[in-house]
Amino acid sequence: MATPALLFAGRYTNCGLAQQRWCLLRSAAMHLVAETRPQVVVTRELGKNAKLIKELGNQGISCLELPLIEHKEGPDLKKLASTLCDNTFDWIVITSPEAGLVFLDAWK
């Protein structure tokens, strides 16, 4: 039997949550390897995963919800609006729904 592969979808910040939950993640991963269906660990903030988990479940993919991300204001957030107004850009890349909300709020 082939060794099942695990896919960890998500990212984490340096807020300490990832470090606090690393042992839990490893334990959960060991449990998931024993399953026969494909597995995904969903790492977005708690309460923001239901739609993705439902869609994956519809495809026969079981999920573990393990929040590893916590969004916080960065120290330079107050400068964002003036930076957007005072400069021109060829590209602005928005990497997540949360980043989009921050951008739109500063753009106003």
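Small disclaimer: the values here were computed from a predicted structure and weren't measured.

In the structure shown here, the tally under the stated rule is three salt bridges. Residues K48 and E98 are paired through a salt bridge, measuring 2.2 Å at the closest nitrogen-oxygen approach. Highlighted residues: K48 in the loop between β2 (39-42) and α2 (50-58) and E98 in helix α4 (residues 97-107), separated in sequence by 50 residues. The residue K72 makes a salt bridge to E70 at a minimum N-O spacing of 3.5 Å. Because the salt bridges share partners, they merge into one network encompassing E45, K48 and E98.

Looking now at the packing of helix α3 (residues 77-86) against α4. Between two packed helices, what matters for the description is the angle formed by their axes and the separation of those axes. Interhelical geometry of α3 versus α4 gives an angle of 60° and a closest axis separation of 8 Å. Judged on the interaxial angle alone, α4 and α3 are oblique. In terms of crossing hand, the pair formed by α3 and α4 is right-handed. Residues L77, L80, A81 and L84 of α3 touch α4, and the partners they reach there are V102, F103, A106 and W107.

A few words on the side chain of E45. In this structure, E45 sits in the loop between β2 and α2. For E45, the side chain forms a polar contact with the side chain of K48, separated by 2.9 Å. Those residues in contact with E45, other than ones at most four positions away along the chain, are P67, I69, E70, H71 and E98.

About the cut-offs
- Residues numbered from 1 in each chain as written.
- Predicted model: local features only at pLDDT ≥ 70, side-chain atom pairs only at ≥ 80, totals over all residues.
- Heavy atoms only, no water.
- Salt bridge = Lys/Arg side-chain N within 4 Å of Asp/Glu carboxyl O.
- Helix = DSSP H or I, 4+ residues; strand = E, 2+ residues; numbered from the N terminus.
- Axes fitted to C-alpha atoms, helices over the stretch in contact; angles between N-to-C directions.
- Parallel < 35°, antiparallel > 145°, perpendicular 65-115°, else oblique.
- Left-handed = near helix turned anticlockwise from the far one by under 90°.
- Contact = heavy atoms within 4.5 Å.
- Polar contact = N/O pair within 3.5 Å; in protein donor to acceptor, adjacent residues only side chain to side chain.

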